[in-house]
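Descriptive analysis of the structure
Here is what each chain is made of, one letter per residue.
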Amino acid sequence: MAQQERAVRTRNALIESAAELFCKDGFDVVSLSTISARAGVSNGALHFHFASKAALAAAVWEAAAQRLRRITVEGRARGEAAATAGGTGSTGTGSGGSLQVLVDTTHALLRGLRHDVILRAGFDLSESPVPVAAGADLRRRWQTWVEGVLAEAAREGALARDVSPQDAAHAVVAATVGFGALGSRNAQWLSQSMLTRFWALLLPRLSTEAALKGLVASGRREGTAGVDGVPSPFRATARSGA
């Protein structure tokens, strides 16, 4: 049992060290010996767990995919809990419906990108010229999830009449992935205040007047103290003349 635990710790250390170096220097530049040295293990131990750099990168990507999956699953679960607590159902303005789920989950994603190097590396590996694994594209997975949630918002009647779910998804994915890329050089792009201001700008254009009243651009989290100098909740401003 102790030997198995050591093997798990070694494997996890290699994945985390690889993620850190992939983010810092890029997949193409980093060598296996550099990764093993950072993890504090021998080259032999690394090759025991991973036959090649591509295999190690695939493990990093899979760990990142699990994190993204957890973020999206928890986002939906929070939305369902909010709707149940409010007694309004998923379409009730009190819970914000699917649009609020989307806002909340984008905030969770950026928090993850800010604090979790493995999640950041997974998104970075989606750009790698060397395929990590079949279908290994976190950006595509994120886009698919966003499109699904916005389609639900459209069925709830929460989207403005002239807004298509696909166009809205393109805007949200471009912004969140862009914030993630810019955040690798300047963490301010991954701050709650940055994303809150994005949603405060977009939501009045994206949603109906009725839906807008129940939306919180800063996201629903336990506790309402301001973060990054932005008061929370920071509700989207209704359109002028509303």
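Look up: the structure comes first, before these words.
These remarks concern the structure in this document.

About the cut-offs
- Residues numbered from 1 in each chain as written.
- Predicted model: local features only at pLDDT ≥ 70, side-chain atom pairs only at ≥ 80, totals over all residues.
- Heavy atoms only, no water.
- Helix = DSSP H or I, 4+ residues; strand = E, 2+ residues; numbered from the N terminus.
- Buried < 20%, exposed > 50% of the residue type's maximum accessible area, 1.4 Å probe, protein only.
- Contact = heavy atoms within 4.5 Å.
- Salt bridge = Lys/Arg side-chain N within 4 Å of Asp/Glu carboxyl O.

The residue Val101 is located in helix H5 (residues 97-115) in this model. For Val101, a relative accessible area of 9% gives the class buried. Sequence separation of Val101 and Arg220 is 119 residues, and the distance between their C-alpha atoms is 8.9 Å. If sequence neighbours within four positions are ignored, Val101 has contacts with Gly75, Arg76, Gly79, Trp145 and Arg220.

Attention shifts here to the environment of Leu68. With respect to the helices and strands, the residue Leu68 is situated in helix H4 (residues 53-86). According to the relative accessible area criterion, Leu68 is buried, its value standing at 5%. Separated by 45 residues in the primary sequence, Leu68 and Leu113 have C-alpha atoms spaced 10.0 Å apart. Ignoring any residue separated from it by four or fewer positions in sequence, one finds Leu68 in contact with Leu109, Leu119, Phe123, Leu138, Arg141 and Trp142.

Enumeration according to the criterion identifies six salt bridges in this entry. In this structure, the salt-bridge partner of Asp25 is Lys24, at a minimum N-O distance of 3.3 Å. Using a relative accessible area of 62% as the deciding quantity, one classes Lys24 as exposed. For the salt bridge of Asp116 with Arg67, the shortest nitrogen-to-oxygen distance reads 2.6 Å. One end of the pair, Asp116, is in the loop between H5 and helix H6 (117-125); the other, Arg67, is in helix H4, with 49 residues separating them in the sequence.

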